[in-house]
Amino acid sequence: MRTASRRARRTERPAPAMPAFITRKLPFVEYMREEGLVRIEEQADRLIEEIGIEFRDDLKALRIWKEAGADIKGTRVRLPRGMARELLKTAPTKFTQHARNAARTVEIGETSTVFAPIYGAPFTRCLEKGRRYGSFEDFDKLSKLVSMLPSLHHMGLVICEPCDLPVNKRHLDMLLAHMRNSDKPFLGAITEKSRAEDSVEMARILFGETFMRDNCVIMGNVNTNSPLHVDKVVTEAIQVYCGAGQGIVVAPFILGGAMGPVTTAASIAQALAEAMVCGAFSQLVKPGAPFVLGNFLSSMSLKSGAPTFGMPEPVASNYIIGQLARRLGVPLRCGGSLTASKLPDAQAAAESADSMHSTAMGGANFVLHSAGWMEGGLVTGFEKLVIDADRLGAYQKLLGGIDTDDNALGTNAYEDVEPAGHFLGSAHTMRNYETAYYDAVLSDSESFEQWTERGGKDTAQRAFERWNRMLDEHQAPPLDDAIDGALADYVEKKKRDMPDAWY
């Protein structure tokens, strides 16, 4: 075993160097024609103006809308046509989310693409322990892995639910783990107002009050309660994060035929209406606050009611919502490496590839669930996390386009290669071989004999071995002792001052 381990270390290639985020040079895919986009926008505007959106359990949110001139009847909010779009004009088309390591800082919007891991799964799975409820031990390991994977630019927050910790306190441990294990940007908690406030306060400790006053260092990610219902989790999160000048991501989570109409265009229009109204509300709270329009549209089996992923209808929605977000002038969150598969198998690969490809080509700027998603989002897969991340690295190449300068065209490549010769040892090859092609760490391209000699391992087994090696090699980035102590004190005091709650 020791010899095999040494051989694995020798043969594994180092992870390719990558920038903090992807700057896209490829044109966006324009999937739908103008007349179709206009029809969807008109339907979204009709829903906002005539049907209205429910804003329940938050009287302050209703007061904000009333003062802005909205039509309020009970908890139903209707906006005059064009009001949401007008308010969204103050939302930035692109903004910067700072990391505590400036080299990890990301830009979100326009031609930038940022990948973040799965969010919110209550279960985890790996080859050694199988499927189980997520624990803080799992969460800590996953946060270390995400910090080390160069194609994941952002930590997200709930890489898995640490179900062994009280619900009302686990956000504190998750945030502290992210802040200690990584120097990449991250999200904050949103499930209850005080948890959002804790997140903003911990970010203030980490970055300093002065810096945070003028810069986005943390975001919240919320889902509307489709159809056409915005609950206080959303409105209070917007008030906490945007009120502090920080960012908010709002993504309607629509299962076609359940939380939205069964037809794809109708669900897209509903998602656009819900997200636009939330974006408009964010700008009422604080004009200029970073806002990301989200869309999470999934199809379902009309035989069983089970969600399906990687199907052509949600894939098409990724392209279309990209067009709509660009017309609106706001950053977009959608898609990810989505699958209903229970294992990191061929089904997972196919569904994740189709979903992720349309996400990237359609122009998503912030991609949650980019890696690790299994079983419809119920499970974070350790093996799938590193398999997906390996494939995400290819998008750095794909979205970066192809250069056509003299070196790229091989202008001088033929000076030392005769006709019918080869370029293997040429000067041009030697100058470019390290960066010419994306080197997928987990792909085995060797001969059958070499593969057999090394144990005949499939991708999942190679991924299992890789993430275990990575954990052995993880080194926490430097963190000022005073800041670390202040964060630890804050977490300890908050935990001490409230009893455990499991809801």
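Residues numbered from 1 in each chain as written. Predicted model: local features only at pLDDT ≥ 70, side-chain atom pairs only at ≥ 80, totals over all residues. Heavy atoms only, no water.

## A short note on the pattern of salt bridges
Stage number 1. Enumeration according to the criterion identifies 27 salt bridges in this entry.
Stage number 2. The residue aspartate 71 makes a salt bridge to lysine 73 at a minimum N-O spacing of 3.1 Å.
Stage number 3. By relative accessible area, lysine 73 is classed as exposed at 54%.
Stage number 4. Here arginine 204 makes a salt bridge to glutamate 201, at a shortest N to O gap of 2.9 Å. Pair noted here: arginine 204 and glutamate 201 are both in helix H7 (residues 193-207), with a separation of three residues, about one helical turn.
Stage number 5. Taking relative accessible area as the criterion, arginine 204 reaches 24% and is therefore assigned partly exposed.
Stage number 6. Relative accessible area serves as the criterion here: at 27%, glutamate 201 is assigned to the partly exposed category.
Stage number 7. Members of the salt-bridge network, linked through shared partners, are Glu34, Glu41 and Arg327. (Salt bridge = Lys/Arg side-chain N within 4 Å of Asp/Glu carboxyl O. Buried < 20%, exposed > 50% of the residue type's maximum accessible area, 1.4 Å probe, protein only. Helix = DSSP H or I, 4+ residues; strand = E, 2+ residues; numbered from the N terminus.)

## Quick notes on the pairing of strand E5 (residues 94-97)
Stage number 1. Judged by which residues are buried, E5 turns out to be one-sided: Phe95 and Gln97 face inward and are buried, whereas Lys94 and Thr96, on the alternate face, are not.
Stage number 2. As judged from the four bridges shared by E5 and strand E6 (residues 106-109), these two strands associate in the antiparallel manner. Residue pairing for E6: glutamine 97 is matched across the bridge by valine 106. (Pairing = 2+ DSSP bridges.)

## Considerations on helix H9 (residues 232-243)
Stage number 1. Of all twelve residues in H9, nine are buried, a share of seventy percent or more.
Stage number 2. Between the side-chain oxygen of the N-cap and the backbone nitrogen of valine 233 there are 3.2 Å, and the N-cap of H9 in question is aspartate 231. (Polar contact = N/O pair within 3.5 Å; in protein donor to acceptor, adjacent residues only side chain to side chain.)

## Some words on helix H10 (residues 264-285)
Stage number 1. Over its 22 residues, H10 extends 32 Å from the first C-alpha to the last, a length consistent with the 32 Å expected when each residue adds 1.5 Å.
Stage number 2. Summarising burial for H10: 17 of the 22 residues are buried, a large majority. (Expected span 1.5 Å × (residues − 1).)

## Side note on the sheet that holds strand E8 (residues 123-126)
Stage number 1. The strand order across the open sheet built from four strands is E9-E8-E20-E19, with neighbouring strands paired in mixed fashion. Each edge of the open sheet is held by one strand with a lone partner, namely strand E9 (130-133) and strand E19 (373-374).
Stage number 2. Across four bridges, the pairing between E8 and E9 is antiparallel. Bridge pairing links phenylalanine 123 to tyrosine 133 in E9.

## Some words on the environment of alanine 70
Stage number 1. Topologically, alanine 70 is positioned in the loop between helix H3 (59-68) and strand E3 (71-73).
Stage number 2. Among the residues examined, alanine 70 registers a relative accessible area of 11% and is labelled buried.
Stage number 3. Put simply, alanine 70 and cysteine 160 are 90 residues apart on the chain and 39 Å apart in space, counted from C-alpha to C-alpha.
Stage number 4. The residues contacting alanine 70, other than those within four sequence positions of it, are Trp65, Val77, Arg78, Leu79 and Met83. (Contact = heavy atoms within 4.5 Å.)

## Thoughts on the nonpolar core
Inside soluble globular proteins, nonpolar side chains tend to come together where they are buried.
Stage number 1. Grouped together as the largest cluster of nonpolar side chains are 134 residues, with contacts concentrated most on Trp65, Leu79, Leu152, Met202, Ile248, Leu293 and Phe366.
Stage number 2. Among the elements that make up this core, the one with the highest residue count is H10 (eleven residues).
Stage number 3. Ignoring anything within four residues of it in the chain, the contact list for phenylalanine 366 reads Ile108, Val114, Ala116, His154, Leu187, Met219, Val249, Leu332, Arg333 and Cys334. (Core = buried A, V, L, I, M, F, W, Y, C linked by side-chain atoms within 4.5 Å.)

## Topic: the packing of helix H6 (residues 170-181) against helix H17 (residues 481-496)
Stage number 1. Where H6 meets H17, the closest approach of the two axes is 10 Å, and the angle between their N-to-C directions is 170 degrees. In terms of axis orientation, H6 runs roughly antiparallel to H17. The residues of H17 that touch H6, namely those facing Leu172, Asp173, Leu176, Met179 and Arg180, are Asp484, Leu487, Ala488, Tyr490, Val491, Lys494 and Lys495.
Stage number 2. Residue composition of the contact of H6 with H17, by class: seven nonpolar, no polar and five charged. (Axes fitted to C-alpha atoms, helices over the stretch in contact; angles between N-to-C directions. Parallel < 35°, antiparallel > 145°, perpendicular 65-115°, else oblique. Nonpolar A, V, L, I, M, F, W, Y, C, P; charged D, E, K, R; others polar.)

Don't take any of this as a statement about function, it's just geometry.
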